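Descriptive structure summary
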Amino acid sequence: MKPAPFTHHRPESLEEVLELLVELEEAELLAGNQSLGIVMANRLATPDHLVDLNGVDDLAYVEETDDEVRIGAMTRHRTLERSDLLAERLPMLPEAAAQIAGPAVRNRGTIGGSIGEADPAGNYPAALVALEGTLHLRSGDGSRDVPADEYFIAYMFTDLREDELIESVSVPTDPFPPARTGMAFLELKRAAQTWPTVSAATAIRVDDPDADDPVLEDVRIALANAADVPLRVPDAEEALVGEPLSDAGLEEATTLVTAAVKPEGEMHADREYKEEVAGEYAKRSLETSYERAIETQ
Ligand SMILES: Cc1cc2nc3c(=O)[nH]c(=O)nc-3n(C[C@H](O)[C@H](O)[C@H](O)COP(=O)(O)OP(=O)(O)OC[C@H]3O[C@@H](n4cnc5c(N)ncnc54)[C@H](O)[C@@H]3O)c2cc1C
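Our subject in this report is the structure included herewith. All values reported here derive from a predicted model rather than from experimental measurement.

Summing up its helical and strand segments, the protein chain has 12 helices and 14 strands in all. A compact globule built from 297 residues should have a C-alpha radius of gyration of about 19 Å, and the protein chain, at 19 Å, falls within 12% of that. Dimensions of the protein chain, computed from the C-alpha atoms along their principal axes, are close to 60 × 45 × 30 Å. Put simply, of all contacts in the protein chain between residues at least 6 apart along the chain, 65% involve residues at least 24 apart. For the protein chain, the accessible area works out to roughly 13800 Å², and carbon and sulfur atoms hold 46% of it. Seen as two clouds, the 25 positive and the 60 negative side-chain charges of the protein chain have centres 6 Å apart.

As a rule of thumb, nonpolar side chains are buried together in soluble globular proteins. Ranked by size, the top nonpolar core spans 38 residues in total, and within it Ile 71, Leu 90, Met 92, Leu 93, Ile 115, Leu 131 and Tyr 151 carry the most contacts. Examining the composition of this core, we find that six residues originate from one element, helix 8 (residues 123–130), more than from any other. Taken together, domain 2 (57–172) and domain 3 (180–292) each give at least three residues to this core, which thus spans both. In this structure, Leu 216, Ala 227, Leu 250 and Tyr 281 belong to the second largest nonpolar core, which totals 27 residues.

A word on a negative patch on the surface. A grouping of Glu 12, Glu 16, Glu 19, Glu 23, Asp 57 and Asp 58 is seen on the molecular surface, where their side chains present a negatively charged patch. Of note, Glu 23 is situated in helix 1 (residues 14–23). Judged by its relative accessible area of 58%, Glu 23 is exposed.

What follows covers the environment of Arg 292. Of note, Arg 292 is situated in helix 12 (residues 271–295). The spacing of Arg 292 and Ala 179 is 113 residues in sequence and 9.7 Å in space, taken between C-alpha atoms. Leaving out residues up to four positions away in the same chain, Arg 292 has contacts with Glu 95, Thr 181, Gly 182, Met 183 and Ala 184.

Cut-offs applied
- Residues numbered from 1 in each chain as written.
- Predicted model: local features only at pLDDT ≥ 70, side-chain atom pairs only at ≥ 80, totals over all residues.
- Heavy atoms only, no water.
- Helix = DSSP H or I, 4+ residues; strand = E, 2+ residues; numbered from the N terminus.
- Rg over C-alpha atoms; globule rule 2.2 N^0.38 Å.
- Contact = heavy atoms within 4.5 Å.
- Areas by Shrake-Rupley, 256 points an atom, 1.4 Å probe, with all protein chains shown as cover.
- Lys, Arg positive; Asp, Glu negative; His and termini not counted.
- Charge placed at Lys NZ, Arg CZ, Asp CG, Glu CD.
- Core = buried A, V, L, I, M, F, W, Y, C linked by side-chain atoms within 4.5 Å.
- Buried < 20%, exposed > 50% of the residue type's maximum accessible area, 1.4 Å probe, protein only.
- Domains from an automatic or database assignment.
- Patch = residues over 30% accessible without salt bridge, like charges linked within 9 Å, V, L, I, M, F, W, Y side chains within 5 Å.
- Salt bridge = Lys/Arg side-chain N within 4 Å of Asp/Glu carboxyl O.

Below, the structure written as structure tokens:
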């Protein structure tokens, strides 16, 4: 099938984009076109207007300030994957980017498009929920900031209004000083370039990586494709904080993750299987995060 007819608009500034979103009815933003084109070709979306963000150069950047890293919505997966700044400060993000599909999708797809799509299997939504990121939304009326864990409301349904776009995302860096931190993003996939069955995003900060038994000061666990939204599991985090990592702690966290997730069954993975994978992948991802936290010295 081919998409229904639409008018293509290619603004060159953010102000022009915001004006078009007010002016045009039935308009959809176009970023990397790695998801929207498929949806439109199947006529699951039939917008009258596409507002193409590819001419707005100042929406693509990765920047660090005193206490956060900010990423513009039009930053491509490839840029995140190769960012030295992210590799140093928030290594979960390049690891998540590198596992998205194949090079063709990563060269065009953007972080803003991934969050805009809001698929619960998406890599960045889970990573941003784990890292307590914030979404910076913009409309003709001004800006507003929404914590990632409040943005995703239900299956592919978000807090974004029709006249708004995601301008950028930010992630606080203070909780995770590189010398005491380990992060991991672990996916189970049936085939290299497909969407994951389940993914686990974890981060750990230890008190002293040189100690015999470093104590876990901060633990984050979020799952993708394990519920209708990206899912953080605070009970499992709390079960680990304040103690060195132990087999008993990991077992308790695994049990709590398995109990917390509410995945939909799929053709290749029924609900019970996905629950089990969520627990096991959270555990493996925690182990990797911990190894990385104590390896950094
Ligand atoms: C074969 C294949 C495998 C994939 N596997 C994975 C995977 O494993 N993990 C994963 O995370 N993703 C995966 N993806 C999706 C990929 O990450 C897409 O690039 C992404 O979901 C959409 O980004 P895009 O820039 O192409 O957005 P588009 O397709 O252009 O847009 C997607 C949606 O987001 C909206 N949008 C775009 N930009 C904004 C903005 N700034 N503000 C608000 N709304 C906006 C659009 O209006 C549209 O509704 C896969 C895609 C393919 C084709």
